[in-house]
There are 2 protein chains.
Amino acid sequence: MEATAQIMRDQGYAAATSRRVAALAGVKPALVYYYFATMDDLFLAVLRAGAKASLARMRQAITDDDPLRALWVMNSDLRFTGLYTEFMALANHRKAIGTELKAYAERVRDLETAAVTVALRAHGVDLDEYPPVAVSMVVSQMARSLSNETTLGVTEGHGEFRKFVERHFDRFGSASSAERTQRA
Amino acid sequence: MEATAQIMRDQGYAAATSRRVAALAGVKPALVYYYFATMDDLFLAVLRAGAKASLARMRQAITDDDPLRALWVMNSDLRFTGLYTEFMALANHRKAIGTELKAYAERVRDLETAAVTVALRAHGVDLDEYPPVAVSMVVSQMARSLSNETTLGVTEGHGEFRKFVERHFDRFGSASSAERTQRA
DNA sequence: GTCTATAGACGGATAGAC
DNA sequence: GTCTATCCGTCTATAGAC
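Residues numbered from 1 in each chain as written. Chains lettered and ligands numbered in written order. Predicted model: local features only at pLDDT ≥ 70, side-chain atom pairs only at ≥ 80, totals over all residues. Heavy atoms only, no water.

Student: Would you take a moment to explain the environment of Met-88 of chain B for this structure?
Tutor: On the secondary structure map, Met-88 of chain B appears in helix 6 (residues 78–91). Counting along the chain gives 61 residues from Met-88 of chain B to Glu-149 of chain B, while the straight-line C-alpha distance between them is 16 Å. If near-sequence neighbours (up to four positions away) are discounted, Met-88 of chain B is found in contact with Asn-148 and Leu-152 of chain A together with Leu-101 of chain B. (Helix = DSSP H or I, 4+ residues; strand = E, 2+ residues; numbered from the N terminus. Contact = heavy atoms within 4.5 Å.)

Below, the structure written as structure tokens:
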């Protein structure tokens, strides 16, 4: 499963064949089918393991003293976003993958929203003006978008965007006294 | 090329083989290689054609009386975002695709930023507080993210997010939805 | 331009030895 | 559990007829 994830990240899901996975894992192709009936089952196992680890980290982030930044950092991990992009593409034509990825995305959204709600409320942000679900969507999705662009080699505007995000983190998350004034 | 794009959208890039493309186009596989030396060349041609059409629409959007909403609408087109996601995944392990996609993404960013700069400045928005490049990134990337999620079947928070975006469109000086209704 | 036919590589998956 | 060996399908790409 480790080998599968690595190949998917480095060369795309189409390159994750039973032969290549086995070679990287140091075993023979037939052994892959001893543990996983089909390649789809292997992909699903990789997805579930990644989702489980990711959700665990996210539950930790909820209790973080700066959940917004924790969310940003988590979704800026190139290893994570690379895999996620591959699974998104895979989900396009593998029904089972799509179903699993959808379930995962919805659980993530719930957790993210909960974390952001706590953070915003704790700092007196108007939850009608800044709905937690919308804020969490911006933070996690933009972090992923920037990561995807970085992988592609596009970094134009990234510096300015990070500064832009930082300003809002200050306002919404770890509000310093200076930023409280700005909010008013 | 039309058949290739359709298959990529519906079944993923890995399904766009010379056989299937030819079948959908109503010709024989060998003919594909008469027009395109390799499958990579075909993918590149599809990418270039799509990029050209997309850039043309974007230049139009600059002169639109509501560039921000035009940007949002353009990047909410499921046909466009589906293809874009596939090319992102393809770029992971096809160097030529990656180079082309990067060049395209950078030209898009320049155009978007120009359009947003004009729009914000025209309505007296503070460009230091809301850097045009950051605003354009949020608008286009979030539109794509929502489209990708919709394709996956995830719509949680989408309604709230759209309202959130509408409020900011209004605040940034674009005609409010009420005004647009009046005009219509 | 469009076709038939095919070479040659690689893929998923299975049978059966050890 | 892990292997060797193999079946059979699909893929890219090419040769050459029409």
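Student: I'm lost on the pattern of salt bridges in this one. Help?
Tutor: Opposite charge on two side chains makes pairing possible when the charged atoms of those side chains draw close. Taken as a whole and judged by the stated rule, the model has 13 salt bridges over all chains. Arg-69 of chain A serves as the salt-bridge partner of Asp-66 of chain A, at 2.7 Å between the closest nitrogen and oxygen. Notably, a salt bridge pairs Arg-69 of chain B with Asp-170 of chain B, separated by 3.1 Å at the nearest N-O pair. Linking Arg-69 of chain B in helix 5 (residues 67–74) with Asp-170 of chain B in helix 9 (residues 158–171), this pair joins segments that are 101 residues apart in sequence. What you see here is one network of salt bridges that share partners, running through Asp-66, Arg-69, Glu-166 and Asp-170 of chain A. (Salt bridge = Lys/Arg side-chain N within 4 Å of Asp/Glu carboxyl O.)

Student: So what exactly am I meant to see when it comes to the protein's contact with DNA strand D here?
Tutor: Taken together, 14 residues sit near DNA strand D, with Lys-28 and Tyr-35 of chain A together with Ser-18, Arg-19 and Tyr-33 of chain B positioned nearest. The sugar-phosphate portion of DNA strand D accounts for 59% of its atoms within 4 Å of the protein, the bases making up the rest. One nitrogen or oxygen atom from the side chain of Arg-20 of chain B is found 3.2 Å from a phosphate oxygen belonging to DNA strand D. Those elements giving two or more residues to the surface near DNA strand D turn out to be helix 3 (29–35) of chain A together with helix 2 (18–25) and helix 3 (29–35) of chain B. With four residues, helix 3 of chain A is the single largest residue contributor to the surface near DNA strand D. (Near = heavy atom within 4 Å. Polar contact = N/O pair within 3.5 Å; in protein donor to acceptor, adjacent residues only side chain to side chain.)

Student: What should I look at first to understand the protein's contact with DNA strand C in this one?
Tutor: Taken together, 14 residues sit near DNA strand C, with Ser-18, Arg-20 and Tyr-33 of chain A together with Lys-28 and Tyr-35 of chain B positioned nearest. A share of 60% is what sugar and phosphate atoms reach among the atoms of DNA strand C within 4 Å of the protein. Between Tyr-35 of chain B and DNA strand C, the recorded distance is 2.8 Å, taken from a side-chain N or O atom to a phosphate oxygen. Broken down by element, the residue count for the surface near DNA strand C peaks at four residues, all from helix 3 of chain B.

Student: How do you make sense of the packing of helix 5 (residues 67–74) of chain A against helix 7 (residues 95–122) of chain A when you look at a structure like this?
Tutor: Geometrically, a packed helix pair is captured by the angle between its two axes and the distance between the axes. Residues and elements named next belong to chain A. Put simply, helix 5 and helix 7 touch, their axes get as near as 9 Å, and they point 145° apart. Contact residues: Pro-67, Leu-68 and Leu-71 in helix 5; Glu-112, Ala-115, Val-116, Ala-119 and Leu-120 in helix 7. Its residues assigned to classes, the contact of helix 5 with helix 7 shows seven nonpolar, no polar and one charged. (Axes fitted to C-alpha atoms, helices over the stretch in contact; angles between N-to-C directions. Nonpolar A, V, L, I, M, F, W, Y, C, P; charged D, E, K, R; others polar.)

Student: Whenever I open this one, the environment of Arg-121 of chain B confuses me. Can you help?
Tutor: Relative to the helices and strands, Arg-121 of chain B resides in helix 7 (residues 95–122). As for Arg-121 of chain B and Arg-171 of chain B, which are separated by 50 residues in sequence, their C-alpha atoms are 13 Å apart.

Student: Can you help me understand a nonpolar patch on the surface in this one?
Tutor: A surface patch of nonpolar side chains, amounting to about 450 Å² of accessible area, comprises Val-27, Leu-31, Tyr-34 and Tyr-35 of chain A. Mapped onto the fold, Leu-31 of chain A is located in helix 3. (Patch = residues over 30% accessible without salt bridge, like charges linked within 9 Å, V, L, I, M, F, W, Y side chains within 5 Å. Areas by Shrake-Rupley, 256 points an atom, 1.4 Å probe, with all protein chains shown as cover.)

Student: What is the right way to read the packing of aromatic side chains from this model?
Tutor: Two numbers describe a pair of aromatic rings. These are the distance of the centres and the angle of the planes. In this structure the tally under the stated criterion is 15 aromatic pairs over all chains. Ring geometry for Trp-72 of chain A against Phe-161 of chain A: centres 6.1 Å apart, planes inclined by 25°, an arrangement best described as stacked. Here the residue Trp-72 of chain A occupies a position in helix 5, and Phe-161 of chain A occupies one in helix 9 (residues 158–172), the gap between them amounting to 89 residues. The burial state of Trp-72 of chain A is the same as that of Phe-161 of chain A; both residues are buried. With a centroid separation of 6.3 Å and 55° between ring planes, the pair formed by Tyr-84 of chain B and Tyr-104 of chain B is classed as tilted. Taken together, the positions of Tyr-84 of chain B in helix 6 and Tyr-104 of chain B in helix 7 put the pair 20 residues apart, joining distant regions of the chain. Here the two residues Tyr-84 of chain B and Tyr-104 of chain B agree in accessibility, since each one is buried. The residue whose ring lies beneath Arg-144 of chain A is Tyr-84 of chain A, and the NZ or CZ to ring-centre distance is 4.3 Å. (Phe/Tyr/Trp six-rings, centres within 6.5 Å; stacked < 30°, edge-to-face > 60°. Buried < 20%, exposed > 50% of the residue type's maximum accessible area, 1.4 Å probe, protein only. Lys NZ or Arg CZ within 6 Å of the ring centre and 35° of its normal.)

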